[in-house]
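Here is how the chains run, residue by residue.
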Amino acid sequence: MRLIWAYADVSGNKAWRGLSVAMVPSLASGFAACTFHLFYNAPDINALVPLQALLTLTGNIALGIAAWRIASEGERMTETSMHEASVAGAEGTMVGTETGLVGVWGVAAVAPAPAWAPAPDLS
């Protein structure tokens, strides 16, 4: 969870934080399955099977929603960055430096990414 939150801070896309929260039902589903099998599928704890199914369903839905939120926020951030770059090019100001776009005196350029960061696709 900490790694995903750190990536959310570095990338500027706070929707990544929802991914770590959405993974919790899947983790609980795995715990339910392991517990059931640890006790050799004892009939006394058969209630874990539908619980695992419910947690798996909930986790899959939550992960799907989190992925959709990440993608839509990324698209919104890209559109905002492109708009800032075009405005900077028209006005000759520096904007968008936090996203990697720098517009200086009508020139839009991509700032070099750190060696550990994936290069953004701005095409």
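Being a predicted model, the structure only gives us computed values, none of them experimental. (Residues numbered from 1 in each chain as written. Predicted model: local features only at pLDDT ≥ 70, side-chain atom pairs only at ≥ 80, totals over all residues. Heavy atoms only, no water.)

Draft legend 1. The overall build of the chain, seen in detail. Assigned secondary structure in the chain consists of 4 helices and 2 strands. Secondary structure elements of the chain, listed N to C terminal, follow the sequence α-α-α-α-β-β. Put simply, the chain has 123 residues, and 22% of those count as buried. A total of about 8,400 Å² of accessible surface is found on the chain, and carbon and sulfur atoms cover 69% of it. (Helix = DSSP H or I, 4+ residues; strand = E, 2+ residues; numbered from the N terminus. Buried < 20%, exposed > 50% of the residue type's maximum accessible area, 1.4 Å probe, protein only. Areas by Shrake-Rupley, 256 points an atom, 1.4 Å probe, with all protein chains shown as cover.)

Draft legend 2. Structural view of the pattern of salt bridges. Taken as a whole and judged by the stated rule, the model has 3 salt bridges. Across the pair Lys-14 and Asp-9 runs a salt bridge, and its minimum N-O distance is 3.0 Å. Connected through salt bridges with shared partners, the residues Asp-9, Lys-14 and Arg-17 form a single ionic network. (Salt bridge = Lys/Arg side-chain N within 4 Å of Asp/Glu carboxyl O.)

Draft legend 3. Structural context of a nonpolar patch on the surface. Among the surface-exposed residues, Met-1, Trp-5, Val-21 and Val-24 lie close enough to one another that they form a single nonpolar patch of about 390 Å² accessible area. Within the element layout of this structure, Val-24 appears in helix H3 (residues 24–38). Exposure remark for Val-24: the relative accessible area of 42% places this residue in the partly exposed category. (Patch = residues over 30% accessible without salt bridge, like charges linked within 9 Å, V, L, I, M, F, W, Y side chains within 5 Å.)

Draft legend 4. Broad picture of the packing of aromatic side chains. Following the criterion strictly, the structure yields 1 aromatic pair and no others. Relative to Trp-16, the ring of Tyr-7 lies with its centre 5.1 Å away and its plane at 85 degrees, an arrangement referred to as edge-to-face. (Phe/Tyr/Trp six-rings, centres within 6.5 Å; stacked < 30°, edge-to-face > 60°.)

Draft legend 5. Examining the nonpolar core more closely. If you look at the biggest cluster of nonpolar residues, it comprises 6 residues: Ile-4, Ala-15, Leu-19, Ala-22, Ala-66 and Ile-70. Broken down by secondary-structure element, the contributors of at least two residues to this core are helix H2 (16–22) and helix H4 (48–91). When neighbours within four sequence positions are excluded, Ala-66 is seen to be in contact with Gly-18, Leu-19 and Ala-22. (Core = buried A, V, L, I, M, F, W, Y, C linked by side-chain atoms within 4.5 Å. Contact = heavy atoms within 4.5 Å.)

Draft legend 6. The arrangement of unusual backbone geometry in detail. In the Ramachandran plot, Tyr-40 falls in the positive-phi region, its phi being about 55 degrees despite a non-glycine side chain. Examined against the element boundaries, Tyr-40 turns out to sit in the loop between H3 and H4. The backbone of Asn-41 shows a phi angle near 55 degrees, a positive value even though the residue is not glycine.

Draft legend 7. Representation of the environment of Ile-70 within the structure. In this fold, Ile-70 is placed in helix H4. Taking the C-alpha atoms as reference, Ile-70 lies 9.1 Å from Arg-17; in sequence the two are 53 residues apart. In contact with Ile-70, not counting residues within four places along its chain, are Asn-13, Ala-15, Trp-16 and Leu-19.

Draft legend 8. View of H3. For H3, spanning 15 residues, the distance from its first C-alpha to its last is 21 Å, which sits close to the expected 21 Å at 1.5 Å a residue. Taken as a whole, H3 has its buried residues at Pro-25, Ser-29, Ala-32, Ala-33 and Phe-36. For H3, the angular spread of the buried residues around the axis is 95 degrees, confining them to a single face. Opposite the packed face of H3, turned more than 90 degrees from it, sit the exposed residues Phe-31, Cys-34 and Leu-38. Once H3 finishes, Tyr-40 follows within two positions and takes phi at roughly 55 degrees, a positive value. (Expected span 1.5 Å × (residues − 1). Arc of directions from axis to C-beta.)

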